[in-house]
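Spelled out from the first residue to the last, the chains are:
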Amino acid sequence: MLALALSSIGNAIGAQPSAPPTPPLELAVLGSGGPGAAGRAASSYLVLVDGAPRILVDAGSGAFARLGESGLSLADTDIVLLTHLHIDHAGELPGLFKARAVSSSGPIEFKVWGPAGSQGNSHGAYFPSTSRFLRLLFGPAGAFAYLSDFSAPITIQPHDISVGDRGPQAPRVIFSRGDLAISAIAGHHGDAPAVIYRIDHAGTSIAFSGDVDARGLPALRRIAEGAGLLVFDCVVLDPPGSPPVLYTLHTPPRAIGELAGKSGIRKLLLSHLSPATEHMHDAVLQSIRENYAGPVSFAADGMRVRP
């Protein structure tokens, strides 16, 4: 009996703890800030699918440095989702593409989705379509044309998502492979064509609001229904705490809480934080809590979140 007991103790001491299971989806925050140089990288995220960083969502300024700090590799990244073409969401794309290029000597293929463009008029600025934006950067006469075969052959497949005012729309699946599905719907962000995304895999899901104003909330509610994690850009305070013009571009905390509560969101991550929302952390949370009782987190560069 003593020998058996000692043997059991020895086995227990020598046993190695099992590694936690790899989550189907995990979010790595590369950038949690906005356009101002306030200590955070601008909006950018990597979505890990079964442990592999597969999907890049936005590419804001500073994301390149945060990628290096994260220890993650872009070697498996082949899908890029751009919510809109403001600098703080797309300005770091060339650097991240080159980082991907030097991580592998084999052929690289990027599938890139983003909004169709707008012609611009007296009521709004001109924005190129995503496909034209990519040609201007990486096409044969683009600013970074050399990158097409700099380290590894790169093929870019652009996909423009229509965002015109055509009344209520339903989310549309833009990519599906196995159990991984990506859906998109037109959002609204002032005069900038914008897209809202949702990623589903193995019973888990992450939705991204991008920058969204009041006109885009019905679409966000439709696509985010029941999502395991909603990443919501949180730039302004409740009125009248921020400059009036910002309410034509962004959603205040009380409306964020209302949408999260009505949509059955399981976790809420506030990102694209401005100095105002960062410094008024308690007031923002209190406002959201009026209508949403689920877990709420404030994003930080380098954070990892599971739905």
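Let us look at the structure shown here. In this text, all values refer to a predicted model and were calculated from it rather than measured experimentally.

1. Some thoughts on the sheet that holds strand 14 (residues 304–305)
Within a sheet, neighbouring strands are paired by backbone hydrogen bonds and run either parallel or antiparallel to one another. Taken in spatial order, the seven strands line up as 6-5-4-3-2-1-14 in an open sheet, and their pairing is mixed. The open sheet has two edge strands with one neighbour each: strand 6 (154–161) and strand 14. Pairing of strand 2 (residues 44–49) with strand 3 (residues 52–59), which is carried by six bridges, proceeds in the antiparallel orientation. Counterpart to V47 in the pairing with strand 3 is I55. In the packing of helix 5 (residues 130–138) onto the sheet, the strands contacted are strand 5 (108–115) and strand 6, and the crossing angle to strand 6 comes to about 150°.

2. Points about unusual backbone geometry
Looking along the chain, the bond that leaves P239 and enters P240 is cis, with omega of 5°. Tracing the backbone shows P240 in the loop between strand 11 (229–233) and helix 7 (253–263). In the Ramachandran plot, A202 falls in the positive-phi region, its phi being about 50° despite a non-glycine side chain. A positive phi is found at H272, a non-glycine position, where the angle reads about 50°. Considering the arrangement of structural elements, one finds H272 in the loop between strand 12 (268–271) and helix 8 (275–279). Take H272: its relative accessible area is 2%, and that puts it in the buried class.

3. As for the sheet that holds strand 7 (residues 172–177)
The seven strands are arranged 7-8-9-10-11-12-13 in an open sheet whose pairing can be described as mixed. Single-partner strands in this sheet number two, and they are strand 7 and strand 13 (296–298). Put simply, the sheet's adjacent strands are angled 15° from each other on average, direction ignored. With three bridges connecting them, strand 12 and strand 13 associate as parallel partners. Within strand 13, the position partnered with L268 by the bridge is V296. Taken strand by strand, helix 7 contacts strand 11 and strand 12, and its axis lies near 160° from that of strand 11.

4. Points about the environment of L85
When you line up the elements, L85 lands in the loop between strand 4 (79–81) and helix 3 (87–90). With a relative accessible area of 14%, L85 lands in the buried category. Residues within four places of L85 in sequence aside, it is in contact with A90, F127, P128, S129, T130 and F133.

Conventions and cut-offs
Residues numbered from 1 in each chain as written. Predicted model: local features only at pLDDT ≥ 70, side-chain atom pairs only at ≥ 80, totals over all residues. Heavy atoms only, no water. Pairing = 2+ DSSP bridges. Helix = DSSP H or I, 4+ residues; strand = E, 2+ residues; numbered from the N terminus. Contact = heavy atoms within 4.5 Å. Axes fitted to C-alpha atoms, helices over the stretch in contact; angles between N-to-C directions. Buried < 20%, exposed > 50% of the residue type's maximum accessible area, 1.4 Å probe, protein only.

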